Amino acid sequence: MELDLRTVMRHFATGVGVVSSWTEDPGEPGGRRHDAVTVNSLIPVSYDPPLVALSLRHGSAFLADLLTAGFWGVSILAADGADTARTLARPREHRAEALRTLPASPGPHTGALLLDGPGWMECALADSFTVGDHLMVIGTVLATGVRAPQNPLVFLHGALTPATAA
Ligand SMILES: Cc1cc2nc3c(=O)[nH]c(=O)nc-3n(C[C@H](O)[C@H](O)[C@H](O)COP(=O)(O)O)c2cc1C
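What counts, and where the lines are drawn
- Within each chain, residues carry numbers counting from 1 in the order of the written sequence.
- In keeping with the predicted nature of the model, local features appear solely for residues at pLDDT of at least 70, side-chain atom pairs appear and are counted solely at 80 or more, and the whole-chain, interface and lining totals rest on all residues.
- With hydrogens and water excluded, all non-hydrogen atoms of the structure serve as input to the side-chain values.
- Here, a salt bridge means any Lys or Arg side-chain nitrogen found within 4 Å of an Asp or Glu carboxyl oxygen.
- By definition, any uninterrupted DSSP run of H or I lasting at least four residues is a helix, any uninterrupted run of E lasting at least two residues is a strand, and each is numbered from the N terminus.
- Only protein chains enter the calculation, and the probe is 1.4 Å; a residue is then buried if its accessible area is under 20% of its type maximum, exposed if over 50%, and partly exposed in between.
- Aromatic contacts are taken between Phe, Tyr and Trp rings whose centres are within 6.5 Å, Trp giving its six-membered ring; a plane angle under 30 degrees counts as stacked, one over 60 as edge-to-face, and the others as tilted.
- We count a charge as sitting over a ring when the NZ of a lysine or the CZ of an arginine lies within 6 Å of the ring centre and within 35 degrees of the ring normal.

A. Representation of the pattern of salt bridges. Scanning the model with the defined rule gives 5 salt bridges in all. Here Arg92 makes a salt bridge to Asp35, at a shortest N to O gap of 3.0 Å. A residue pair is termed long-range when its members are at least 10 positions apart, and Arg92 in helix 4 (residues 92–99) and Asp35 in strand 3 (residues 32–39) qualify at 57 residues. The class of Asp35 is buried, set by a relative accessible area of 1%.

Below you can see the structure in the form of C-alpha cells.
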C-alpha cells in the first residue's frame, strides 16, 4: 500500500494560529528578541487541567527559543490573517521585520506577543517528547482571551483560505 501522509492530510481542514515567544537579548529594544511562527498543529489535549499540544519540527529555530523561554503565546488567526500566516512561516529575519509592525501586544502572564484575532492563550511548558521528526510540546494554559467572533482562516488543500463560520 502506498503511504503518503502529506497528501491525505491536505484534505483535513485545520485552523491556523501564530505561536510566539521571546528570549533575552541586550541588543534588542526592551532586552527581548521576539519571534513568532505560523502553526496548524495546535490541539487542546486536556480541560482539567487545561493543556494544549503543539507539534514543532526538530531543528526549528523558533522551537529552540520556545524551549529556552519555557512559555509561549498563541493567537488564533481570522479570515483576514492569510498574509500574516504566510509572513510568519518565512525565515526568522523576515519574521523579525514583520513583528516590528504587526499589531501585537505582550501577554500579561508571559510577555509573549499576542496578535489581533478572535482568541489567544498564554502557556507554560509542562512536558515535551519527541514524535518522529517533531517535538510534541505540551503547555499548561495560564490565561485565555476571546475578542469578537470573526470568520476563521482555514488551512486546506495546501492553501490558506478565508472561511465563513455561519
Ligand atoms: C499553515 C502553516 C502551518 C504550519 N504549522 C506548523 C506546525 O504546526 N509546526 C511546525 O513546526 N511548523 C509549522 N509551519 C512552519 C512554520 O510556520 C515555520 O515555517 C517554521 O517554524 C520555520 O522554521 P524555523 O523556526 O527554523 O525558522 C507551518 C507553516 C504554515 C504555512
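Still more to cover.
B. Broad picture of the packing of aromatic side chains. Scanning all chains against the criterion turns up 1 aromatic pair. Measuring from centroid to centroid gives 5.4 Å for Trp22 and Phe71, while their planes differ by 55°, and the two rings are tilted. Of the two residues, Trp22 sits in strand 2 (residues 17–24) while Phe71 sits in strand 6 (residues 71–76), which places them 49 residues apart along the sequence. Across the pair, Phe71 and Trp22 agree in class, each one buried. The ring of Trp22 carries the charged tip of Arg32 above its face, separated from the ring centre by 3.8 Å.

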